[in-house]
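Report on the structure
Residue-level listing of the chains:
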Amino acid sequence: MIRTKLSVNLNKIALLRNSREGNWPDPVFFGEIALKAGAAGLTVHPRPDERHIRATDVPLISALVRRHAGAEYNIEGNPFHNLMGHLEAVRPDQATFVPDNRNQLTSDHGFDLSDEKVCESLVPLIRKAKSWGCRVSLFMDPMPEQMARAKELGADRIELYTEGWAEAYGTDREEAVLAQYAAAARAARDAGLGVNAGHDLSLDNLEKFLTVCREIDEVSIGHALVAEALQMGMGETVRRYEAILDRVANKD
């Protein structure tokens, strides 16, 4: 078993800040708490409408990550909208391409790589991001048959969209849905890709997901983690996630 890394998504901190004038709560302030508590990195998704992360946040969070040796910066977004400008400006460790539209409340699907027009349009953007030193991950639904295609396009990793798992957790569909995710993760690894996961993962559902899917390189968690931090504080919440990652890594 590899030891999965935690990247804390700061979007919901920024969303709360944007409900008032000023810069509080400051995403940089809470990002530093997360890193000091053991998080391996920080994630932002700067949408064009700046509903949460603003363009001005992106370089400030980059500078924060660079002050923490070994930490990684992951910027996610639609490469056909505003993502590429951010990548060129700050050269994050990882770029996660997400196929959301401008009006989506949150990301709700992965790329469909059975569409050759989509594939053709992604190739030059993947190459450009990699030329800037970014590892490139494609946000994907748990479809094992599409994982090899992601590798062919030049991606380094895929990120499994885990809303389906979160919805199935605790229901009679849980085992079947989890088996689909495990098959997708296995297909991605067999194709030579790294595997990330994210969307509605939480302290409740993370451990079983990682135990069954195995060898997930990174989880990006924001919404649930920030909600849990309202109860326990950011530092304690991150430490509880890190304890889960330690337990899973030490299982046979």
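Report follows, based on the coordinates. One numbering rule holds for all chains: residues counted from 1, following each sequence as written. At least 70 in pLDDT is required for a residue's local features to be given in this predicted model, at least 80 for side-chain atom pairs to be given and counted, and no such filter applies to totals for whole chains, interfaces and linings, which use all residues. The side-chain values count all of the structure's non-hydrogen atoms but skip hydrogen atoms and water molecules.

Quick notes on the overall build of the chain
Runs of E in the DSSP output that reach at least two residues are strands. Runs of H or I that reach at least four are helices, and both are numbered from the N terminus. A tally of regular secondary structure across the chain gives eleven helices and eight strands. Computation of the radius of gyration draws on C-alpha atoms alone. For the globule rule, the value is 2.2 Å times the number of residues to the power 0.38. A globule of 252 residues ought to have a C-alpha radius of gyration of about 18 Å, and the chain, at 17 Å, matches this closely. Any two residues whose heavy atoms approach within 4.5 Å are treated as being in contact. Expressed as a percentage of contacts within the chain between residues at least 6 apart in sequence, the contacts between residues at least 24 apart total 66%. Methods summary: accessible areas were calculated by the Shrake-Rupley approach with a probe of 1.4 Å, and residue burial reflects only the protein chains presented. Accessible surface, the chain as shown: approximately 10900 Å² in total, 50% of it carbon and sulfur. Mean positive and mean negative side-chain charge positions of the chain (30 and 38 charges, respectively) differ by 5 Å. Positive: Lys, Arg. Negative: Asp, Glu. His and the chain ends are not part of the count. The atoms used to mark charge sites are NZ of Lys, CZ of Arg, CG of Asp and CD of Glu.

Observations regarding the pattern of salt bridges
Close approach of charged atoms lets side chains of opposite charge pair. The salt bridge criterion pairs a side-chain nitrogen of Lys or Arg with a carboxyl oxygen of Asp or Glu, the two atoms within 4 Å. Taken as a whole and judged by the stated rule, the model has 18 salt bridges. Sharing partners across several salt bridges, the network here consists of Arg3, Glu242 and Asp246.

Comments concerning the pairing of strand S1 (residues 5–9)
In terms of residue burial, S1 counts as a mostly covered element, since four of its five residues are buried. In this structure, S1 lies alongside strand S8 (residues 218–221), joined through four bridges in parallel fashion. Each bridged residue has a counterpart across the sheet, and for Ser7 the counterpart in S8 is Ser220. Taken together, the three bridges between S1 and strand S2 (residues 41–44) define a ladder with parallel strand orientation. Of the residues in S2, the one forming a bridge with Val8 is Leu42. Note on exposure labels: buried denotes an accessible area under 20% of the residue type's maximum, exposed denotes more than 50%, and partly exposed covers the range between, all computed with a 1.4 Å probe on protein chains only. Two strands make a pair as long as DSSP finds a minimum of two bridges between them.

So, the nonpolar core
We call a set of buried residues a nonpolar core when its members are Ala, Val, Leu, Ile, Met, Phe, Trp, Tyr or Cys and they connect through side-chain atoms within 4.5 Å of each other. Counting 78 residues, the largest nonpolar core has Leu6, Leu87, Phe97, Leu138 and Phe209 as its most contacted members. For this core, the leading source of residues is helix H8 (residues 174–190), giving eight residues. The residues contacting Leu87, other than those within four sequence positions of it, are Ile75, Pro92, Ala95, Phe97, Ala129, Trp132 and Cys134.

Here's the deal with the sheet that holds strand S3 (residues 72–77)
In space, the eight strands of this closed barrel follow the order S1-S2-S3-S4-S5-S6-S7-S8, with parallel pairing throughout. Between one strand axis and the next, the sheet turns by 25 degrees as a mean value, whatever way the strands run. Each axis is a line fitted through C-alpha atoms, taken for helices only over the stretch in contact, and angles between the N-to-C directions span 0 to 180 degrees.

Thoughts on the side chain of Asp141
Looking at the element boundaries, Asp141 is found in the loop between strand S5 (135–140) and helix H6 (147–152). Within the buried set, Asp141 has no salt-bridge partner at all; the shortest N-O distance to an opposite charge, 13 Å, is to Arg173. Within polar-contact distance, the side chain of Asp141 engages the backbone nitrogen of Gly110 at 3.2 Å. Once residues lying within four places of it in the same chain are set aside, the contact partners of Asp141 are His109, Gly110, Met147, Leu160 and Tyr161. Under the rule applied, a polar contact is a pair of N or O atoms within 3.5 Å (in protein, one hydrogen donor and one hydrogen acceptor; residues adjacent in sequence only if both atoms are side-chain atoms).

Overview of the packing of aromatic side chains
The rule is short: rings of Phe, Tyr and Trp, with Trp giving its six-membered ring, pair when the centres are within 6.5 Å, and they are stacked under 30 degrees, edge-to-face over 60, tilted in between. All told, the structure shown has seven aromatic pairs when counted by the stated rule. Measuring from ring centre to ring centre gives 5.4 Å for Trp165 and Tyr169, while their planes differ by 65 degrees; the resulting arrangement is edge-to-face. Considering the side-chain rings of Trp165 and Phe209, the 6.3 Å spacing of their centres and the 40 degrees angle between planes classify their relative orientation as tilted. Placement of the pair is Trp165 in helix H7 (residues 163–168) and Phe209 in helix H9 (residues 206–213), with a sequence separation of 44 residues. The class for Trp165 is buried, based on a relative accessible area of 0%.

A closer look at the environment of Ala155
Locating Ala155 in the fold gives a position in the loop between H6 and strand S6 (157–161). What makes Ala155 buried here is its relative accessible area of 2%. Sequence separation between Ala155 and Val90 is 65 residues, and the spatial gap between their C-alpha atoms is 20 Å. Discounting residues that sit within four places of it in the chain, Ala155 has contacts with Ile126, Val136, Leu138, Ala150 and Leu193.

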